[in-house]
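What follows is each chain in one-letter form.
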Amino acid sequence: MVKKTIRPVNKELFFRFLACSLFFFSPLFGQFVPVGSGSYTTVFPGVDAAGRNGYPSGTPFVAGAAANKPIPTNDWWSAQVKNPHTDNLFNYPFTMKSVNEGLVVSYIPWGPIDNILPVVVGLSGLNASQANVTDHTDWTVTMDWSASGKQFQATTGIGMPFIYFEKDASSLASVTVNQGNVTISGEVLIVEDARNGADFAVYAPTGSSWQQSGNQYTSSLTGQNYWSLAFLPASAGSLTQAAQDYQQYAYVFPTNTRVDWNYDASTAILTTDFNVDVEVKEGTDSTALIGLLPHHWDNLASPVGFLPHTYPTVRGELKTISANSFNVENTFYGILPTLPNVPQYSP
């Protein structure tokens, strides 16, 4: 019988090998970023025991600036990244869906969107098999329909009572009204009772006109490439007057939205600054119309001048202000991400 001799392990070499192994073979090594008493990792940690939290399958429907940005997978519009067209896009107060012909604009006060297409905004002859997300900021998203030389874009954001549109140089802007009564006054097209009592106003550039063919309304936009649509407040006594009042905001397009935080650990006060950068398409007005949800207007850092018109949403009353920024303050003592395993509590 041959006896094997067990040689002692060189401890110094062993620990050098272990350190190199951790450095080269562990993707999480050195990837934790400390924040306060906690930390986060900058690499994908893998799925859990049930196989959840994996990467979404397929190729995201993104283009332009969005193709070079991290892709939010849990935003109100994230389904548009996953699918060529999608529905149940709730930005409050609008309900929207994307289709080949453009953007469906509706209003569903409660529950999922239905199959009714009350108003479809797009281009004459547009038939795009997919809508790509081309840009997104802290609370807006821009979607793009491009097909057969036509290009149509729509920008919308949380709490914004306006949707903003742009197009290529030669196509006609199109508004198809399948439900509701239409009134035209110059460049303004009003749709009354489009869906669940919602009233909309479409603003073409000043001096434009709308041509009707059945239930489709088109405009050359006097050679311009922009137009917008507003959700008129139900509290307005006169739709015509409300449409006139809102026209000052119709040509103030958001180009970027930013949310900045500052936390004072000594007072536990979290200050959040909301800012909107705008591009004025025409006129002298440069202030946007933005909406504040309850968690905004109930925690304002300083008073703001609320406008008289509001919108009901499933998240509470949406109040509007004429401003390009506002600030909120919250007392924040931190969160407990998991509960301790204490025997007296139920599992």
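See above for the structure.
Residues numbered from 1 in each chain as written. Predicted model: local features only at pLDDT ≥ 70, side-chain atom pairs only at ≥ 80, totals over all residues. Heavy atoms only, no water.

Peer 1: How would you sum up the overall build of the chain? Please name residues and give values.
Peer 2: Secondary structure summary: the chain contains four helices and 23 strands in total. Over its C-alpha atoms the chain spans a radius of gyration of 26 Å, topping by over 25% the 20 Å that the globule rule assigns to 347 residues. Along the three orthogonal principal directions, the C-alpha set of the chain runs to about 105 × 50 × 40 Å. Expressed as a percentage of the 347 residues in the chain, the buried residues total 40%. As displayed, the chain has an accessible area near 19200 Å², and 53% of this comes from carbon and sulfur atoms. Each charge class in the chain was averaged separately, 16 positive and 26 negative side chains, and the resulting centres sit 23 Å apart. (Helix = DSSP H or I, 4+ residues; strand = E, 2+ residues; numbered from the N terminus. Rg over C-alpha atoms; globule rule 2.2 N^0.38 Å. Buried < 20%, exposed > 50% of the residue type's maximum accessible area, 1.4 Å probe, protein only. Areas by Shrake-Rupley, 256 points an atom, 1.4 Å probe, with all protein chains shown as cover. Lys, Arg positive; Asp, Glu negative; His and termini not counted. Charge placed at Lys NZ, Arg CZ, Asp CG, Glu CD.)

Peer 1: Outline the nonpolar core, listing residues and values.
Peer 2: Counting residues in each nonpolar core, the largest one holds 81 residues, and the members touching the most others are Phe 200, Tyr 203 and Trp 227. Here this core takes six residues from strand β17 (residues 226-232), the largest share from any one element. Apart from residues no more than four positions distant in its own chain, Phe 200 is found in contact with Phe 94, Val 105, Ser 106, Val 119, Leu 189, Ile 190, Val 191, Ala 194, Leu 229, Ala 230, Phe 231 and Leu 232. (Core = buried A, V, L, I, M, F, W, Y, C linked by side-chain atoms within 4.5 Å. Contact = heavy atoms within 4.5 Å.)

Peer 1: Would you mind going over unusual backbone geometry in detail, with residue names and values included?
Peer 2: Residue Pro 93 is reached from Tyr 92 by a cis peptide bond, and omega for that bond is 15°. You will see that Leu 221, though not glycine, has its phi angle at about 60°, which is positive. Note on placement: Leu 221 falls in the loop between β16 (216-219) and β17. The class for Leu 221 is buried, based on a relative accessible area of 0%. Positive phi is not limited to glycine here, since Ala 268 has a value of about 60°. Counting through the fold element by element, Ala 268 comes out in the loop between β18 (252-264) and β19 (269-280).

Peer 1: Please give an account of the sheet that holds strand β21 (residues 306-313) that cites residues and values.
Peer 2: Taken in spatial order, the three strands of this open sheet run β20-β22-β21, and their pairing is antiparallel. Bordering the open sheet on either side are β20 (289-292) and β21, each of which pairs with just one other strand. Averaged over neighbouring strand pairs, the angle between their axes works out to 30° when direction is ignored. Both β21 and strand β22 (residues 316-322) contribute to a ladder of five bridges, which runs antiparallel. Note that in β22 the partner of Pro 312 across the bridge is Glu 317. (Pairing = 2+ DSSP bridges. Axes fitted to C-alpha atoms, helices over the stretch in contact; angles between N-to-C directions.)

Peer 1: Mind laying out the pairing of strand β4 (residues 95-99), listing which residues take part and the relevant values?
Peer 2: Across the five residues that make up β4, a large majority, five, are buried. Both faces of β4 are covered, namely the face carrying Thr 95, Lys 97 and Val 99 and the face carrying Met 96 and Ser 98. Relative to β4, strand β3 (residues 89-90) runs antiparallel, the two being bridged by two bridges. Note on β4: the bridge partner recorded for Phe 90 is Thr 95. Hairpin connection of β3 to β4: four residues between the antiparallel strands, including Tyr 92 at a positive phi of 60°. Judged from the five bridges that link them, β4 and strand β5 (residues 102-106) form a sheet pairing that is antiparallel. Note on β5: the bridge partner recorded for Lys 97 is Val 104.

Peer 1: Account for the pattern of salt bridges, with residues named and values stated.
Peer 2: Counting across every chain of the model gives six salt bridges. Among the ionic pairs, Arg 195 bridges to Asp 114, the shortest N-O distance being 2.5 Å. Linking Arg 195 in the loop between β13 (188-192) and β14 (199-203) with Asp 114 in the loop between β5 and β6 (119-123), this pair joins segments that are 81 residues apart in sequence. Owing to a relative accessible area of 18%, Arg 195 belongs among the buried residues under this scheme. Measuring nitrogen to oxygen at the nearest pair gives 3.4 Å for the salt bridge that ties Lys 281 to Glu 279. The exposure class assigned to Lys 281 is buried, which follows from its relative accessible area of 18%. For Glu 279, a relative accessible area of 38% translates into the label partly exposed. Shared partners join several salt bridges into a network, and the residues in it are Glu 166, Glu 279 and Lys 281. (Salt bridge = Lys/Arg side-chain N within 4 Å of Asp/Glu carboxyl O.)

Peer 1: Kindly report on the sheet that holds β13, identifying the contributing residues and their values.
Peer 2: Strand order in this open sheet of eight strands is β7-β8-β9-β10-β17-β14-β13-β12, and the pairing throughout is antiparallel. The open sheet has two edge strands with one neighbour each: β7 (132-136) and β12 (181-185). Taking the axes of each pair of neighbouring strands and ignoring which way they run, one obtains an average angle of 20° across the sheet. Alignment of strand β9 (residues 150-157) against strand β10 (residues 162-167), held across four bridges, turns out to be antiparallel. Bridge pairing in β10 places Gln 153 opposite Glu 166. Along the sheet, helix α3 (residues 239-246) contacts β10, β13, β14 and β17; its crossing angle with β17, the most-contacted strand, is approximately 130°.

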